[in-house]
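Tertiary structure, described
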Amino acid sequence: MSDTIPAVEIAGLHKSFGSFKALDGLDLTVEHGQVAGFLGPNGAGKSTTIKVLLGLLRADAGTARLFGGDVWRDAVELHKRISYVPGDVNLWPNLSGGECIDYLTRLKPGGDKSKRKARKAELLERFDLDPTKKARTYSKGNRQKVALVAAFLDQSDLYIFDEPTSGLDPLMEAVFTEYAREAKAAGSSVLLSSHILSEVEKVCDTVTIIRAGVAVESGTLEELRHLTRSSVVATVGGDASTLRTISAVNDLVINPNGAGTRVAFDVDNASVGEVLKTLTTLDVHGLTITPPSLEELFMRHYGDVIAESETESEDAK
């Protein structure tokens, strides 16, 4: 795969279902060897985007390309280079987990059989999956494990994950993160759609936040963190009211106590140095600066939706 051709390239993508606009001019790019996070709650358009990329839905307008190929016209060839794991895996109920894995991986050209056998044993152990049980007996989490083992068994040029750790416990989420990093280190690209913001922060190079079918924020994690503020907590011996004169200080709270005065506030990232200069004149006894998180950025765009949902839940009780 050429390093100059993006693994995923979406421009001006539109898709409607009747009067509902699922995608309204979406732009999204995943470069070669990059792990890209794709964030947004249910109904934002993430799964519709992925179905278009997989050739399961045809877009109304715009372009969607994988490795430079058309996702609809070149679907058969493109799928040989892709591993896909949905958020709710359905398996053949009368097959064992191991048989399901074998069937799924037959869709790709086989490699060294001995290495493949060893790799499969490793993945089964790491994901703590019993491959002898019938698929119909599996929990949701175990069905996800089957798909993840099949996805990571052979290297793909592109991994597309749509809520892949749904139903998994935190330990298994960490195993998934480890293999996603391994895929990147091997030169693969990853598109990761997830609700788990900590998971995205651990593994992703870039993040795109989608709302109502449109990308509202997109960039590297560092670029996006510049759009939010760091939280500062300090204990000082001097007059903390001096901080009120600094325009970059926001939501200042001053609480005097026996050991000094505790101050807490948010500060624009570009002004952290300026604020620290003032703090050092106030006889600082303790200082903690917490960088902005992806969760804060996400809440900026979806805090109203979450608050409305919580209000509706309370009203329904």
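Structure shown above.
A brief report on the enclosed structure follows. (Residues numbered from 1 in each chain as written. Predicted model: local features only at pLDDT ≥ 70, side-chain atom pairs only at ≥ 80, totals over all residues. Heavy atoms only, no water.)

What about the pattern of salt bridges?
The tally for this structure, following the rule as stated, stands at 13 salt bridges. The partner of Lys80 in a salt bridge is Glu77, and the shortest N-O contact between them spans 3.2 Å. With a relative accessible area of 42%, Lys80 lands in the partly exposed category. Across the pair Arg116 and Asp154 runs a salt bridge whose closest N-O atoms are separated by 2.5 Å. (Salt bridge = Lys/Arg side-chain N within 4 Å of Asp/Glu carboxyl O. Buried < 20%, exposed > 50% of the residue type's maximum accessible area, 1.4 Å probe, protein only.)

Describing a nonpolar patch on the surface
A surface patch of nonpolar side chains, about 210 Å² in accessible area, is lined by Val284, Leu287 and Ile289. Within the element layout of this structure, Ile289 appears in strand E14 (residues 284-290). (Patch = residues over 30% accessible without salt bridge, like charges linked within 9 Å, V, L, I, M, F, W, Y side chains within 5 Å. Areas by Shrake-Rupley, 256 points an atom, 1.4 Å probe, with all protein chains shown as cover. Helix = DSSP H or I, 4+ residues; strand = E, 2+ residues; numbered from the N terminus.)

Notes on helix H3 (residues 97-105)
What H3 keeps buried is the set Gly97, Gly98, Cys100, Ile101 and Thr105. Looking straight down H3, one finds its buried side chains confined to an arc of 160°; they lie on one side. As for H3, its buried residues are in contact with helix H4 (113-126) and helix H5 (140-153). (Arc of directions from axis to C-beta. Contact = heavy atoms within 4.5 Å.)

Brief notes about the sheet that holds strand E3 (residues 35-39)
Ordered in space as E6-E7-E8-E3-E9-E10, the six strands form an open sheet in which the pairing is mixed. Only two strands of the sheet have a single partner each, and these edge strands are strand E6 (82-85) and strand E10 (214-220). Each strand of the sheet is rotated relative to its neighbour by a mean of 15°, with strand direction disregarded. The strands touched by helix H1 (residues 46-53) within the sheet are E3, E6, strand E7 (158-162), strand E8 (189-193) and strand E9 (206-211), with E7 carrying the most contacts at an inclination of about 145°. (Pairing = 2+ DSSP bridges. Axes fitted to C-alpha atoms, helices over the stretch in contact; angles between N-to-C directions.)

Things to note about the packing of H5 against helix H6 (residues 170-185)
With their axes 11 Å apart at the nearest point, H5 and H6 run at an angle of 15° to one another. It follows that H5 is roughly parallel to H6 by the angle criterion. Here H5 and H6 pass one another in a crossing that is left-handed. Only Met172, Phe176, Tyr179 and Ala180 of H6 make contact with H5, whose side of the interface consists of Lys145, Leu148 and Phe152. A class-by-class count of the residues in the contact of H5 with H6 yields six nonpolar, no polar and one charged. (Parallel < 35°, antiparallel > 145°, perpendicular 65-115°, else oblique. Left-handed = near helix turned anticlockwise from the far one by under 90°. Nonpolar A, V, L, I, M, F, W, Y, C, P; charged D, E, K, R; others polar.)

Points about the nonpolar core
Counting 43 residues, the largest nonpolar core has Leu39, Ile101, Phe127, Leu148, Phe152, Phe161 and Val207 as its most contacted members. No other element matches the eight residues that H5 contributes to this core. Discounting chain neighbours no more than four positions away, the residues touching Val207 are Gly37, Leu39, Val200, Glu217, Ser218, Gly219, Leu221, Leu224 and Leu294. Among the nonpolar cores identified, the runner-up in size contains 25 residues, and Ile10, Leu23, Ala36 and Ala64 belong to it. (Core = buried A, V, L, I, M, F, W, Y, C linked by side-chain atoms within 4.5 Å.)

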